[in-house]
Every structure is written in structure tokens, then in C-alpha cells.
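Report on the structure
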Amino acid sequence: MRLLEVEYLLSVQMILEEAMQSVIFVLVGVVLYLLTARILEALERQRGARFQHRSVIFFVLILMFSLITFQIIERYMPPPAAGVDGSGAVSTTQ
């Protein structure tokens, strides 16, 4: 009975961690989108005209910012909970 409780708690903890990570990535994505739009608008104001291939430039900027930002986030996120492997299965061996 005790082992089932531990497995349940570990699975709940894993689900919460994954949900929190998803929320963080979505919020960062929204911030990156808004930041990239403002940077592109500032570049266009400085230039005095809109870029001909604005969507391509926006894509390159947001891709660059997101790759860097998400790599930093993954580096500093805590590792998965002990007893939980990467497949989502709960390990019962110690």
C-alpha cells in the first residue's frame, strides 16, 4: 500500500513539474513575440521605411531569440524528480 502512495505522489509531482514547465515556455514565447515585434519596429523606424521581407526578418529574429532563451531556461530548470525516468514511468527500484 505504501509503495502505491509513493508512486502516486511521484507521478503527481511529475505532472505538476511538466505543467509548470509548459506554462513557463508559453509565457516566455509570448514575451519573445512582443519583444521581437518591438525590436523590428524600432529597426524600421531607424531605417525610415518598412522592410520588404518583414516576415522573414521577424522569423529570423524570433528564432534566434527563442533558441537562446529556451536553451538558457533548460539549463537552469531543476532536473526531473528522483524516481521518475524520462519516459514518464515511475521507477520502483532504488
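Turning our attention to the pattern of salt bridges. Side chains that differ in sign of charge can pair as their charged atoms come close. For the coordinates displayed, the defined rule picks out two salt bridges. Linking Glu44 and Arg54 is a salt bridge whose minimum nitrogen-to-oxygen distance equals 2.8 Å. Highlighted residues: Glu44 in helix α1 (residues 2-47) and Arg54 in helix α2 (residues 54-76), separated in sequence by 10 residues. With relative accessibility at 7%, the residue Glu44 sits in the buried group. Under the relative-accessibility criterion, Arg54 is labelled partly exposed at 25%.

Along its 23 residues, α2 runs 33 Å from first to last C-alpha, staying within 8% of the 33 Å computed at 1.5 Å per residue. Elements that come into contact with the buried residues of α2 comprise α1.

What follows deals with a nonpolar patch on the surface. Where nonpolar side chains cluster on the molecular surface, the patch consists of Val56, Phe59, Val60, Leu63 and Leu67 and spans about 470 Å² of accessible area. Along the chain, Leu67 turns up in helix α2.

Let us look at the side chain of Ser66. Mapped onto the elements of the fold, Ser66 is located in helix α2. By relative accessible area, which is 15% here, Ser66 ends up buried. A polar contact of 2.8 Å, which involves the side chain of Ser66, links it to the backbone oxygen of Ile62.

Counting across every chain of the model gives two aromatic pairs. Residues Phe25 and Phe70 carry aromatic rings whose centres are separated by 5.1 Å and whose planes lie at 85 degrees to one another, so their mutual orientation is edge-to-face. Here the residue Phe25 occupies a position in helix α1, and Phe70 occupies one in helix α2, the gap between them amounting to 45 residues. For Phe70, a relative accessible area of 26% corresponds to the partly exposed category. Between Tyr33 and Phe58, the ring centres sit 5.4 Å apart and the planes meet at 70 degrees, which makes this aromatic pair edge-to-face. Taken as a pair, Tyr33 in helix α1 and Phe58 in helix α2 lie far apart in primary sequence, 25 residues in all. Classification of Phe58 as buried rests on a relative accessible area of 18%.

Here we take up α1. With 46 residues, α1 extends 67 Å from end C-alpha to end C-alpha; this agrees with the ideal 68 Å at 1.5 Å per step. Among the residues of α1, Leu10, Met14, Val28, Leu32, Thr36, Leu40 and Glu44 are the ones counted as buried. The elements touched by buried residues of α1 are α2. Gly48, located one to two residues past α1, shows a positive phi value of around 95 degrees.

Cut-offs and rules
- Residues numbered from 1 in each chain as written.
- Predicted model: local features only at pLDDT ≥ 70, side-chain atom pairs only at ≥ 80, totals over all residues.
- Heavy atoms only, no water.
- Salt bridge = Lys/Arg side-chain N within 4 Å of Asp/Glu carboxyl O.
- Helix = DSSP H or I, 4+ residues; strand = E, 2+ residues; numbered from the N terminus.
- Buried < 20%, exposed > 50% of the residue type's maximum accessible area, 1.4 Å probe, protein only.
- Expected span 1.5 Å × (residues − 1).
- Contact = heavy atoms within 4.5 Å.
- Patch = residues over 30% accessible without salt bridge, like charges linked within 9 Å, V, L, I, M, F, W, Y side chains within 5 Å.
- Areas by Shrake-Rupley, 256 points an atom, 1.4 Å probe, with all protein chains shown as cover.
- Polar contact = N/O pair within 3.5 Å; in protein donor to acceptor, adjacent residues only side chain to side chain.
- Phe/Tyr/Trp six-rings, centres within 6.5 Å; stacked < 30°, edge-to-face > 60°.

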